[in-house]
Amino acid sequence: MVSTLPVSRGRCGLCAGQALESLPLPRSTVGGALAALPGLGLVRCRACGQEQVDPRPSDQALSAFYQGQDYTAHEPVDDAAARRRAAGQLAVITRAGGVLSGARVLDVGCGGGQLLAAARAAGAQVCGVDVAMHAQAACAAQGLECVASLEALGERSFDGIVMSHVLEHVPDVLAYLAQLRARLAPGGWLCLEVPNRGSLRARLSPRWVTSLGADERHRAFPIHLWYFTQDTLTRALTASGFAVALSTTSGFGVDALAPRWLAARVGLGLRPQPSARQPSARGAGGGEGDAGGGEGDAGLAAAGQGRATTARQRARGALKRRYFDALLGENLLVVARSR
Ligand SMILES: [Zn+2]
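Residues numbered from 1 in each chain as written. Predicted model: local features only at pLDDT ≥ 70, side-chain atom pairs only at ≥ 80, totals over all residues. Heavy atoms only, no water.

Describing the coordination of the zinc ion
Coordination sphere of the zinc ion, protein contribution only: Cys 12 (SG), Cys 15 (SG), Cys 45 (SG) and Cys 48 (SG), at 2.3 Å. Relative to the metal, the four donor atoms surrounding the zinc ion lie at angles of 100 to 118 degrees, and the coordination shape comes out tetrahedral. The sequence motif formed by the donor residues of the zinc ion is C-x2-C-x29-C-x2-C. You can see Cys 15 sitting in the segment before β1 (20-22) and its partner Cys 45 sitting in strand β2 (residues 42-45), a full 30 residues away along the chain. You can call Cys 15 partly exposed: its relative accessible area is 26%. (Donors = N, O, S within 2.8 Å, 3.2 Å for Na, K, Ca; no water. Tetrahedral: all angles 85-135°; square planar, octahedral: opposite > 155°, others 65-115°. Helix = DSSP H or I, 4+ residues; strand = E, 2+ residues; numbered from the N terminus. Buried < 20%, exposed > 50% of the residue type's maximum accessible area, 1.4 Å probe, protein only.)

This is the structure we're talking about:
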């Protein structure tokens, strides 16, 4: 089934630049037979700086992989982590001026429906897309609408779309973003979360992490076909008819590199205390390229809402927000408006 050879675009998938510099293949890979395909490559575009898999696995090889048993990254994971991520994303959307109450919100790759449930609690009319049967069942159990594909939505349009840890898997980024934009009402917002190649952890990795066999800059090669920075993600969005309203990051990442006792001591544990006010759950989307704790930190640091907070907690929240807004976190979290 995975007999099809890798395919090469031969030019940058974002800017069509033809000056592509070959990079060493990451030593650590994800995807079993897919990663073992001969002839895969990793390149950096000299014009726009985007790093991308080229030659990449063919569409047939990718779809065989995602439909197979090997791929479990989008199984619903830790529900509490999923809830934190959802709360963080919704807080960032609100911070960027997106309105949830009364809005029609679509979550592409909705997993267990945690973001949908949180958005519904905030007054949105919600709908999810997820190809996985278990995701559809999890949504149905909560009374959340979930369909298997964008096509299954027919002509429906939305005021806001969330897509978390999907874009880096998509062979044609610009075509996919155009497809999402076509579903947005004029001025509608898109909230994207993808791994951040410019994270502090990625920047530190060449010296002491790569030597241990991991590659923090090109995680989940080759199923992650794209390694975005804020700059290249902005370029992709602009080229697709969006204007970026807010860029931040989530997930400290560096806590995973520190000994647990030290992380706890200096407050790098970064797991916000559960709050009774937190809306319900989100799940999938975790997994392969998505490491780094505290997924919802950006929003919670931004919000700190309504809870009795000590001066120390407020100071820590402000510090976290500065860290995330300096784009040092593990995941880029960008809100853009349809132009
Ligand atoms: Zn380029």
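Still to come is the rest of the account.
A closer look at the pattern of salt bridges
All chains considered together, the criterion is met by 12 salt bridges. One salt bridge in this structure joins Glu 21 and Arg 44, with 3.1 Å as the shortest N-O distance. Of the two residues, Glu 21 is situated in strand β1 and Arg 44 in strand β2; the sequence distance between them amounts to 23 residues. With relative accessibility at 28%, the residue Arg 44 sits in the partly exposed group. Of the charged contacts in the structure, one is a salt bridge between Arg 156 and Glu 145, with a shortest N-O distance of 2.8 Å. Note that Arg 156 is positioned in the loop between β6 (146-147) and β7 (158-164) and Glu 145 in the loop between α4 (133-141) and β6, a separation of 11 residues in sequence. (Salt bridge = Lys/Arg side-chain N within 4 Å of Asp/Glu carboxyl O.)

Thoughts on the pairing of β2
Relative to β2, β1 is paired through three bridges, and the arrangement is antiparallel. Within β2, the position partnered with Leu 20 by the bridge is Cys 45. Bridging between β2 and strand β3 (residues 51-53) involves three bridges; their strand directions are antiparallel. What sits directly across from Leu 42, in β3, is Val 53. In this antiparallel pair of consecutive strands, β2 and β3, the connection spans five residues, and Gly 49 shows a positive phi of 85 degrees. (Pairing = 2+ DSSP bridges.)

Here's the deal with the side chain of Arg 197
Along the chain, Arg 197 falls in the loop between β8 (184-195) and α6 (200-208). Setting aside residues up to four positions removed in sequence, Arg 197 forms contacts with Gly 49, Glu 51, Ala 202, Arg 217, His 218, Tyr 227, Phe 228 and Thr 229. (Contact = heavy atoms within 4.5 Å.)

Considerations on the packing of aromatic side chains
As enumerated under the stated definition, the model contains five aromatic pairs in all. Their ring planes at 65 degrees and their centres at 5.3 Å tell us that Phe 65 and Tyr 66 sit as a pair that is edge-to-face. In this structure Phe 65 comes out as buried when scored by relative accessible area, which is 8%. You can call Tyr 66 partly exposed: its relative accessible area is 27%. Their ring planes at 80 degrees and their centres at 5.8 Å tell us that Tyr 323 and Phe 324 sit as a pair that is edge-to-face. By relative accessible area, Phe 324 is classed as buried at 1%. Taken together, the ring pairs connect Phe 252, Tyr 323 and Phe 324 into an aromatic cluster. (Phe/Tyr/Trp six-rings, centres within 6.5 Å; stacked < 30°, edge-to-face > 60°.)

Focus on the pairing of strand β4 (residues 104-108)
Most of β4 sits out of view: four of its five residues are buried. Note that β4 and strand β5 (residues 125-129) share five bridges and pair parallel. Its bridge partner being in β5, Val 108 is matched across the sheet by Val 129. For the segment spanning β4, helix α3 (residues 114-121) and β5, crossover handedness is right-handed. (Right-handed = clockwise from strand over helix to strand, strands pointing away.)

Regarding the confidence of the model for the chain
With 77% of its residues at a pLDDT of 70 or more, the chain shows a mean pLDDT of 83. Long-range and interchain partners of residues 266-296, a stretch whose pLDDT sits below 50, account for 111 contacts in this model, where long-range means more than four residues apart. Counting contacts from residues 302-306, a segment whose pLDDT is below 50, to residues more than four positions away or on other chains yields six contacts. (pLDDT = per-residue confidence, 0-100.)

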